[in-house]
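Each chain, written out:
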Amino acid sequence: MKKKITVALAGNPNAGKTTIFNALTGARQHVGNWPGVTVEKKEGTLKHNGREIHIVDLPGTYSLTAFSLEEIIARNFIVDSAPDLVVNVVDASNLERNLYLSVQLMEMGCKLVLAFNMIDVARGRGIAIDEAHFSNLIGVPIIPTNGKKGAGLESLLEAIVSEVDKPQPSEDLTRLTYGSEVEDELLKIQNLLLQSGFSSEGINTRWVSAKLIEGDTEIVKKIGSLEHRPKILEQVAKSRSHLTNIFGDSPEIVLADARYGFISGAIKQTVQIERTDRVNLSESIDKILTNRLLGPLILLLVLYCVYIFTFNGSAPLVKYFDSFFSWLGDIVSKILPEGLLKSLIVSGMIKGVGGVLGFTPLIAFMFFAIAILEDTGYMARIAFMLDRVLRGFGLHGASMLALMVAGGIAGGCAVPGIMATRTMKEPKERLVTILVAPLMNCGAKLPVYALLIGAFFPGDRASIMFLLTIISWIMVLLAGRAIRSTVLSGPSAPFVLELPPYRVPTFQGLVIHTWERTWMYLKKAGTVILAVSILIWVLMTFPGPSPEQKAFFEEKQDKLTSNFLNDPAVGLVLKNQQDLKSFEDLQSAEGKDSLQIAAPLASKYTQYKEDKLRLENDEQSLKLKNTVAGRIGTYLVWVFKPIGFDWKTNVALLGGFAAKEVVVSTLGTAYSMGSVEREQYPSLSEQLKHEPGWNPLMAFTLIMFVMLYAPCVVTLVVIKRETGKWRWMLFAMVYTTVLAYFVAFIVKTTGTLLGIGLT
Ligand code: GDP
Ligand code: MG
């Protein structure tokens, strides 16, 4: 415990510093000059509970830049003389302007107590401040005072002593963040400073880095003797021009905006103003955009526009990418001979990589839309309006955007949804959002729904889709709540929902934002996905049918052909295999409609072709059953027995792991339908309707399972990359599947007991 405490008084001119200084020290004061300059310096001492407190009244300043002598004096005193604590006297009737200095003091990392002075004036003007909440948000004690009456001074002294006695926190507790771009640059400079051994001088390196980025000449002088000085200055110049490019404004303005955003956010959360004196432009815009009635409506409209822009806007490009990859697949198919290599390259590699690259336009469009929301300042308002509702479910106001994009409006995609959480600064809320986003109805689940709805609920398409949208939202919120109160329990760090001033974004800034984030996606997802898609291909291809099975099908095939050729109506025209082959080539060359042959032959040939196709499909189905995936599917039958899935459904679900829409094509193969393209859903639907064991209840059970079970591989890879941990990726995979099983079980059991959907 220190016996002698040094405290510096800082504050804007006329905040009441001298008044408080006089009230505290009384006659025990000394007036002199600051060394070398004719600025008055007042010092004094007092005793409190046996401790001696030495107080220095700093010159009044609005900021801590290096623009005026007063600012430099105040700053240097804090840095060089390292007082035990700074008391920032704030004019509580003019918080917005006064707190700008407070935020800078917080950044300097010194121990701080805020005296909300002129509290009588503030209250008189109808300003009600929730000091406890405010203090909790910014992490600094706040004591309301009235300097003229001497009220609150005792509490101020208590706060000073108790703060000084607290151990210095080991980590930087700054609550103010400048957004990812600035933070990245800060970190680079900070690392260089630490390498130069700057930390030993006892100044907060984060603050120094921020000052360097702001081009503060005094600080540049201060690092004069450092070993890596040229390297640091080079990085500073690079960071400054990078930020100028992105924001189209000087870094000084960008950082100042972040500070003002922090302040407005904190004030909006904790201060009620009955009568405002000063209404600036941002405030009047906010009057409309965050209005109680209009605000949510505008919000919904904006979110809907982002959604339309992301998915419809990118559609032509996505189509272009798609057709490029199917073109590539076709070319390679033509060049390579039939066999494993071709299958590997076309089905394994081109499909897998195409899957990732195919998302690129979507991701770019989404990030462009998000960049507009962020750079204008509207993003902060979205978070602000939705925070109260979503926080109840362990999420954050900013989660909304990610969830909508992930499929909150059916048809989205979890990959850009998870990428959208990058705008969130609160680690726990961000993680929960990432973990629940895959439960939404992404575009790849829709074909599966369409197939099953088409087969079993043909008249109720719209209402079932609406129901599924509602169910997925409920699941997301419940899962969020559950995760937040179990694996991610504990209070979230209080945070200020920042409200930066509105500004007009620059086009260059938007483009750079978009490009940087999209590139990050390609770099991060692209590398892993190739390996994973090859792995899935292997699982769904090997070991393949046994020689006996092959022989069995060959024999059946031969028998079919010889029966056909031996038919009298056929034998007249086609005498042997050779003839049949050239006849088939001719048919396929001329297309299906030009079958200009004798009627009896034509009908026999059509029959023959159908039989042959059926045989081939049976063979494909058996082949699939014999692969690793097929065996796992068969093995899983006993696990899935309670929810009634057969091996064919199981193997389709395994395939859906590669991409959810694969569930449909794999079901097609497993049910001996051959390859199922989009236009062939009706036939697969027909088929499923007549399969034993399939009924509306079964279909709905499967729909629920597909909605909830393990995210697709691309999503998992992105989860791993965004959270940085395999653990979270595994968790996402396991908890969703358990949830899917549980929900499917409830649906199945309830349906069976109540006799719903059994026919
Ligand atoms: P400084 O520039 O920060 O040193 O501010 P001063 O201490 O000189 O105070 C400026 C003016 O505000 C003086 O007229 C004080 O009497 C007045 N003042 C200081 N504190 C309070 C307060 O809590 N309530 C009211 N109503 N006036 C105050
Ligand atoms: Mg004064």
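In this text, all values refer to a predicted model and were calculated from it rather than measured experimentally.

**Q** Sorry, what's going on with the site of ligand 1 here?
**A** Lining the immediate environment of ligand 1, one finds 15 residues, of which Asn 14, Lys 17, Thr 18, Thr 19 and Gly 147 sit closest. A distance of 3.0 Å separates an oxygen atom of ligand 1 from a polar backbone atom of Gly 16. In this structure, an oxygen atom belonging to ligand 1 sits 2.5 Å away from a side-chain N or O atom of Thr 19. Look at ligand 1: alone it shows 580 Å² of surface, and the protein chains cover 73% of it. Sorting the residues of the shell around ligand 1 by element identifies α1 (17–25) and α4 (119–124) as the ones contributing at least two each. Here the shell around ligand 1 gets three residues from one element, more than from any other, and that element is α1.

**Q** It is not clear to me how the domain arrangement of the protein should be interpreted in this structure. Could you clarify?
**A** It is common to give the size of an interface as the accessible area lost on bringing the parts into contact. Under the domain assignment used here, the protein contains domain 1 (4–165), domain 2 (180–273), domain 3 (279–543 + 630–759) and domain 4 (547–625). Spacing between the C-alpha centres of domain 2 and domain 3 amounts to 38 Å. Taken together, the contacts link 19 residues of domain 2 with 18 residues of domain 3. Taken together, the two surfaces of domain 2 and domain 3 that pack against each other cover about 1,500 Å², and 53% of this comes from carbon and sulfur. For the domain 2 face of the interface with domain 3, the top three residues by lost area are Ile 246, Lys 268 and Gln 269, together amounting to 33%. Inspection of the domain 2/domain 3 interface yields zero salt bridges. Summed over the shared surface of domain 2 and domain 3, the result is two residue pairs in polar contact (both at pLDDT 80 or more).

**Q** I keep staring at helix α16 (residues 360–376) and nothing clicks. Help me out?
**A** Because each turn of an α-helix spans 3.6 residues, side chains separated by three or four positions in sequence point in the same direction. The end-to-end C-alpha distance of α16, which contains 17 residues, comes to 24 Å, matching closely the 24 Å that a straight helix rising 1.5 Å per residue would cover. Counting buried residues in α16 gives 14 out of 17 residues, a clear majority hidden from the surface.

**Q** What's the story with the pairing of strand β3 (residues 40–48) in this structure? I'm lost.
**A** Successive side chains on a regular strand alternate, one facing one side of the sheet and the next facing the other. By the bridge criterion, five bridges tie strand β2 (residues 29–33) to β3 in an arrangement that is antiparallel. Note that in β3 the partner of Gly 32 across the bridge is Lys 41. Hairpin connection between β2 and β3: a loop of six residues separates the two successive antiparallel strands, and Gly 36 in this loop has a positive phi of roughly 85 degrees. As paired strands, β3 and strand β4 (residues 51–57) are joined by seven bridges and run antiparallel to one another. Within β4, the position partnered with Lys 47 by the bridge is Glu 52. Linking β3 back to β4 in an antiparallel pair, the connection comprises two residues, with Asn 49 at a positive phi of about 50 degrees.

**Q** Would you mind showing me how to read the nonpolar core here?
**A** Note that soluble globular proteins tend to have their nonpolar side chains buried in a common cluster. Val 436, Leu 468, Met 704, Phe 705 and Leu 708 are the most contacted members of the largest nonpolar core, which totals 100 residues. Counting residues per element, this core draws most heavily on helix α33 (residues 696–708), at 11 residues. Core analysis: the second largest hydrophobic core is formed by 69 residues, Cys 110, Ile 219, Ala 256 and Ile 512 among them.

**Q** How should I be thinking about the packing of helix α21 (residues 446–456) against helix α22 (residues 461–485) in this particular structure?
**A** How two helices sit against one another is set out by the angle between their axes and by the gap between those axes. Their axes nearest at 11 Å, the elements α21 and α22 cross at an angle of 135 degrees. Taken together, the axes of α21 and α22 are oblique relative to one another. At the point where α21 passes α22, the crossing takes the right-handed sense. For the pair α21 and α22, the contacting residues are Leu 446, Tyr 449, Ala 450 and Ile 453 in the first and Arg 461, Ile 464, Met 465 and Leu 468 in the second. For the contact of α21 with α22, a count of residues per class yields seven nonpolar, no polar and one charged.

**Q** Could you clarify how one ought to interpret helix α7 (residues 180–195) in this entry?
**A** Taking 1.5 Å of rise per residue, 16 residues should cover 22 Å, and α7 covers 22 Å from first to last C-alpha, within 8% of that figure. Those residues of α7 that fall on the buried side of the exposure criterion are Glu 181, Val 182, Glu 183, Glu 185, Leu 186, Ile 189, Gln 190, Leu 192 and Leu 193. Following α7 by one or two positions, Gly 197 adopts a phi angle in the positive range, close to 75 degrees.

**Q** Got a minute to help me understand the pattern of salt bridges in this structure?
**A** Side chains carrying opposite charge are able to pair once their charged atoms draw close together. For the coordinates displayed, the defined rule picks out 17 salt bridges. Ionic pairing is found between Arg 123 and Glu 131, a salt bridge with its closest N-O pair at 3.9 Å. Using a relative accessible area of 52% as the deciding quantity, one classes Arg 123 as exposed. Its salt-bridge partner being Glu 163, residue Lys 166 comes within 2.6 Å of it at the nearest N-O pair. Among the charged side chains, a network of salt bridges with common partners joins Glu 107, Lys 211, Glu 214 and Arg 259.

**Q** Looking at this model, I keep getting lost on the packing of aromatic side chains. Mind explaining?
**A** Each aromatic ring pair is characterised by the separation of its centres together with the angle its planes make. Using the criterion set out here, one finds 20 aromatic pairs in the structure. Arranged with centres 6.0 Å apart and planes meeting at 15 degrees, the rings of Phe 456 and Trp 694 form a pair that is stacked. Here the residue Phe 456 occupies a position in helix α21, and Trp 694 occupies one in the loop between α32 (681–690) and α33, the gap between them amounting to 238 residues. Residue class for Phe 456 comes out buried when judged on its relative accessible area of 11%. Considering the side-chain rings of Trp 515 and Trp 519, the 5.8 Å spacing of their centres and the 15 degrees angle between planes classify their relative orientation as stacked. Of this pair, Trp 515 and Trp 519 are both found in helix α23 (residues 507–539), four residues apart, which corresponds to roughly one turn of the helix. Trp 515 gets classed as exposed once you look at its relative accessible area, which sits at 52%. Positioned above the aromatic ring of Phe 384 is the side chain of Lys 268, whose terminal nitrogen or guanidinium carbon lies 5.3 Å from the ring centre. One residue, Arg 381, lies across the ring of Tyr 502, its end atom 4.0 Å from the ring centre.

**Q** Looking at this structure, I do not really get a nonpolar patch on the surface. What am I missing?
**A** On the surface, a cluster of nonpolar side chains totalling about 430 Å² of accessible area is made up of Phe 324, Trp 327, Ile 331 and Ile 335. Within the fold, Ile 331 resides in helix α14 (residues 315–335).

**Q** Would you take a moment to explain the sheet that holds β2 for this structure?
**A** Whenever strands of a sheet pair, they do so through backbone hydrogen bonds, lying parallel or antiparallel. Strand order across the open sheet formed by seven strands is β2-β3-β4-β1-β5-β6-β8, with mixed pairing between neighbours. Edge positions in the open sheet fall to β2 and β8 (142–144), since each of these has one partner strand only. Geometrically, the sheet is characterised by an average inter-axis angle of 25 degrees between neighbouring strands, direction not taken into account. Those strands touched by α1 are β1 (4–11), β2, β3, β4, β5 (85–91) and β6 (112–117), and its axis lies near 40 degrees from that of β3. Seen against the sheet, helix α5 (residues 131–138) touches β6 and β8 and runs at an angle of roughly 155 degrees to β8.

**Q** What is the right way to look at the side chain of Ser 239 in this model?
**A** By the secondary structure assignment, Ser 239 is in helix α10 (residues 229–247). For Ser 239, the residues in contact, after removing those within four places along its chain, are Glu 185, Ile 189 and Ile 213.

**Q** What should I look at first to understand unusual backbone geometry in this one?
**A** It is generally the case that most residues other than glycine have a negative phi and that most peptide bonds are trans. Positive phi, close to 40 degrees, is recorded for Ala 82, a residue that is not glycine. One can find Ala 82 in the loop between α2 (69–80) and β5. At Met 118, a position not held by glycine, the phi torsion is positive, near 55 degrees. With respect to the secondary-structure elements, Met 118 resides in the loop between β6 and α4. What makes Met 118 partly exposed here is its relative accessible area of 24%.

Rules behind the numbers
- Residues numbered from 1 in each chain as written.
- Chains lettered and ligands numbered in written order.
- Predicted model: local features only at pLDDT ≥ 70, side-chain atom pairs only at ≥ 80, totals over all residues.
- Heavy atoms only, no water.
- Near = heavy atom within 4 Å.
- Polar contact = N/O pair within 3.5 Å; in protein donor to acceptor, adjacent residues only side chain to side chain.
- Areas by Shrake-Rupley, 256 points an atom, 1.4 Å probe, with all protein chains shown as cover.
- Helix = DSSP H or I, 4+ residues; strand = E, 2+ residues; numbered from the N terminus.
- Domains from an automatic or database assignment.
- Contact = heavy atoms within 4.5 Å.
- Buried area = accessible area lost by both parts, 1.4 Å probe.
- Salt bridge = Lys/Arg side-chain N within 4 Å of Asp/Glu carboxyl O.
- Expected span 1.5 Å × (residues − 1).
- Buried < 20%, exposed > 50% of the residue type's maximum accessible area, 1.4 Å probe, protein only.
- Pairing = 2+ DSSP bridges.
- Core = buried A, V, L, I, M, F, W, Y, C linked by side-chain atoms within 4.5 Å.
- Axes fitted to C-alpha atoms, helices over the stretch in contact; angles between N-to-C directions.
- Parallel < 35°, antiparallel > 145°, perpendicular 65-115°, else oblique.
- Left-handed = near helix turned anticlockwise from the far one by under 90°.
- Nonpolar A, V, L, I, M, F, W, Y, C, P; charged D, E, K, R; others polar.
- Phe/Tyr/Trp six-rings, centres within 6.5 Å; stacked < 30°, edge-to-face > 60°.
- Lys NZ or Arg CZ within 6 Å of the ring centre and 35° of its normal.
- Patch = residues over 30% accessible without salt bridge, like charges linked within 9 Å, V, L, I, M, F, W, Y side chains within 5 Å.

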